[in-house]
Amino acid sequence: MTENDKRPSMVIGYWMSDRKSQKLNWIEFGKVCRQHGYELVKLDLDKPLENQGPFAVILHKLTEIIARNDEKAIQIIDRIEQYIKDHPKVLIIDPLDSVRTLLDRYKTYNVVLNTTLNNIDVFTPTFVEILSTNVKDNIKKLKNAGVTFPFICKPFVAQGTTYCHQMSVIFNERGVADCKPPCVAQSFINHNAILYKLYVVGDHYQMVERPSLKNFYASNDDRDTITFDSHSVSKSDSSSELSVLDPSESAKRSSIDPIKLHSIVKTLGSYLNMSLYGVDVVVENDTNRHAIIDINAYPGYDGFPDFFGKLIDCVMSRRAQSVCSKAYFEDSGFDTSDSSDEKKSRAKLNSIN
């Protein structure tokens, strides 16, 4: 009998960087898993998964590996996808196609754009992809897409790189030359320097408040581009001068709507087919419209109460849904190589992309 044969039937295979697991104190999650009848086993990505399972669930944060896209990274992802294909009953949190969508800011904003959230005054600011260094062509693209000054220039890749948080505020046509393609230009929404981060774990979510960029206004070619690291500006203990409102401006707090937040989580979870993700929301000054300015896979979960309890609840809930869904379709004679939820979400994403 091999070591794998001795394992219980419910094994959660996981992978995340050592830095991430230490930050989350992942050893404690292993204890929580055992309390619910699961064993937590770290995947060795350099070896075939067939020799490490069988797994009931694969839980991962592979964003850095997917974003690397070098030969070794491609081989690792290919092995994982082959295992998933060969074992369709294994629950994946979260599907790799869904994670790939969130790694691409342009695709992510298109997902939001094509939801029904606009019906409740939730929107994503106007945006366009910038792929060229031709300033005249880029100015034309910006105008055609309705992107207004000032706008934020963001790297195309949203996570997993050293530069994904390096952004610029561009105030005028002269500053368009500072765009570094491939990137996404997104109209800046004044929001009194308050960012609301939604951390989502399955059906649970937590909102935390963070500092953000102060109010900015268009300038007629006399203001230089501002570059900044969005991660540093929005830390809970950040003291960036970019977050300090000008003395002439009101420090009136925006009014966050919990009903809209609930709708954001419910809608995006369905469209993205994601269980673990974060949403950055700002509330537009004067209008109180809620703007989704970024979404990311498996965020830090800073300030999330009972994270491990909510995570194991998410695993068990998603697994129960997956088992029931597959059983229904098997009884109906349908192909079950993908779960029904995965098929529906893939269809939504394909129609958008």
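Since this is a predicted model, take the numbers as computed values, not measurements.

Caption draft 1: Quick peek at the overall build of the chain. The helix and strand tally for the chain stands at 11 helices and 14 strands. Among the 353 residues that make up the chain, the fraction classed as buried is 52%. On the chain, roughly 17300 Å² of surface is accessible, and the fraction owed to carbon and sulfur atoms is 49%.

Caption draft 2: View of empty space enclosed by the protein. Here the structure, examined in full by the defined rule, presents one cavity of 30 Å³ or more. When its volume is computed, the largest cavity comes out at roughly 60 Å³. Lining the largest cavity, in full, are His60, Lys61, Leu62, Thr63, Ile93, Asp94, Val99, Met274, Leu276, Ala297 and Tyr298. Looking at side-chain class alone, the lining of the largest cavity contains seven nonpolar, two polar and two charged residues.

Caption draft 3: Local environment of the environment of serine 232. Considering the arrangement of structural elements, one finds serine 232 in helix 8 (residues 230–233). Sequence separation between serine 232 and glutamine 166 is 66 residues, and the spatial gap between their C-alpha atoms is 9.9 Å.

Caption draft 4: Region of interest: the packing of helix 5 (residues 96–103) against helix 6 (residues 105–113). Relative orientation of the contacting elements helix 5 and helix 6 amounts to 100°, with a least axis distance of 5 Å. Judged by the angle between their axes, helix 5 and helix 6 are roughly perpendicular. Counted together, Thr101, Leu102 and Leu103 of helix 5 and Arg105, Lys107, Thr108 and Val111 of helix 6 form the full contact between these two elements. The residue makeup of the contact of helix 5 with helix 6, split by class, is three nonpolar, two polar and two charged.

Caption draft 5: Looking closely at helix 5. In terms of residue burial, helix 5 counts as a mostly covered element, since six of its eight residues are buried. All buried positions along helix 5 are accounted for by Leu96, Ser98, Val99, Thr101, Leu102 and Leu103.

Caption draft 6: Local environment of the pattern of salt bridges. Summed over all chains, the structure comprises 17 salt bridges. The partner of glutamate 81 in a salt bridge is arginine 100, and the shortest N-O contact between them spans 2.9 Å. Pair noted here: glutamate 81 is in helix 4 (residues 71–86) and arginine 100 is in helix 5, with a separation of 19 residues, a long-range link. With a relative accessible area of 28%, glutamate 81 lands in the partly exposed category. For arginine 100, a relative accessible area of 29% translates into the label partly exposed. Salt bridges sharing partners connect three or more residues here, namely Glu81, Asp97 and Arg100.

Caption draft 7: Summary view of the sheet that holds strand 9 (residues 183–187). The strand order across the open sheet built from five strands is 6-9-7-8-12, with neighbouring strands paired in antiparallel fashion. Of all the strands in the sheet, just strand 6 (127–130) and strand 12 (226–229) have a single pairing partner and so form its edges. For this sheet the average axis-to-axis angle between neighbouring strands, irrespective of direction, equals 25°. Bridge count between strand 8 (residues 166–170) and strand 12: four bridges; the pairing is antiparallel. Bridge pairing in strand 12 places methionine 167 opposite phenylalanine 228. The strands touched by helix 6 within the sheet are strand 6, strand 7 (151–155), strand 8 and strand 9, with strand 6 carrying the most contacts at an inclination of about 160°.

Caption draft 8: Geometry of the pairing of strand 10 (residues 194–201). The buried fraction of strand 10 is high, at eight of eight residues. In this sheet, strand 11 (residues 204–211) lies alongside strand 10 in antiparallel orientation, the contact comprising eight bridges. The residue bridging lysine 197 from the neighbouring strand is valine 208, located in strand 11. If you look at the hairpin formed by strand 10 and strand 11, you'll find two residues sitting between the two strands, and glycine 202 has a positive phi there, around 60°. Sheet analysis places strand 10 next to strand 13 (residues 276–283), joined by six bridges and oriented antiparallel.

Caption draft 9: Structural detail: the sheet that holds strand 1 (residues 11–15). Spatial strand order, 2-1-3-4: four strands in an open sheet with parallel pairing. The sheet terminates laterally at strand 2 (39–42) and strand 4 (91–93), the two strands that pair on one side only. Neighbour-to-neighbour, the strand axes of this sheet turn through a mean angle of 20°, independent of strand direction. With three bridges connecting them, strand 3 (residues 57–60) and strand 4 associate as parallel partners. By the bridge assignment for strand 4, valine 57 is matched with leucine 91.

Caption draft 10: Representation of the packing of aromatic side chains within the structure. Applying the stated criterion across every chain yields a total of 17 aromatic pairs. A ring pair is formed by tryptophan 26 and phenylalanine 308, whose centres lie 5.8 Å apart and whose planes are at 80°; its orientation type is edge-to-face. In this pair, tryptophan 26 is assigned in helix 2 (residues 26–35) and phenylalanine 308 in helix 10 (residues 307–332), connecting sequence segments 282 residues apart. We note that tryptophan 26, like phenylalanine 308, is buried. Ring geometry for tyrosine 106 and phenylalanine 127: centres 5.6 Å apart, planes at 75°, overall edge-to-face.

Conventions used here
- Residues numbered from 1 in each chain as written.
- Predicted model: local features only at pLDDT ≥ 70, side-chain atom pairs only at ≥ 80, totals over all residues.
- Heavy atoms only, no water.
- Helix = DSSP H or I, 4+ residues; strand = E, 2+ residues; numbered from the N terminus.
- Buried < 20%, exposed > 50% of the residue type's maximum accessible area, 1.4 Å probe, protein only.
- Areas by Shrake-Rupley, 256 points an atom, 1.4 Å probe, with all protein chains shown as cover.
- 1 Å grid on protein atoms, 1.4 Å probe; cavity = no way out; pocket = protein on both sides within 12 Å on 5 of 7 lines; lining within 4 Å.
- Points joined across faces, edges and corners; volume = space filled by probe spheres on them.
- Nonpolar A, V, L, I, M, F, W, Y, C, P; charged D, E, K, R; others polar.
- Axes fitted to C-alpha atoms, helices over the stretch in contact; angles between N-to-C directions.
- Parallel < 35°, antiparallel > 145°, perpendicular 65-115°, else oblique.
- Contact = heavy atoms within 4.5 Å.
- Salt bridge = Lys/Arg side-chain N within 4 Å of Asp/Glu carboxyl O.
- Pairing = 2+ DSSP bridges.
- Phe/Tyr/Trp six-rings, centres within 6.5 Å; stacked < 30°, edge-to-face > 60°.

Honestly, it's all geometry; don't read function into it.
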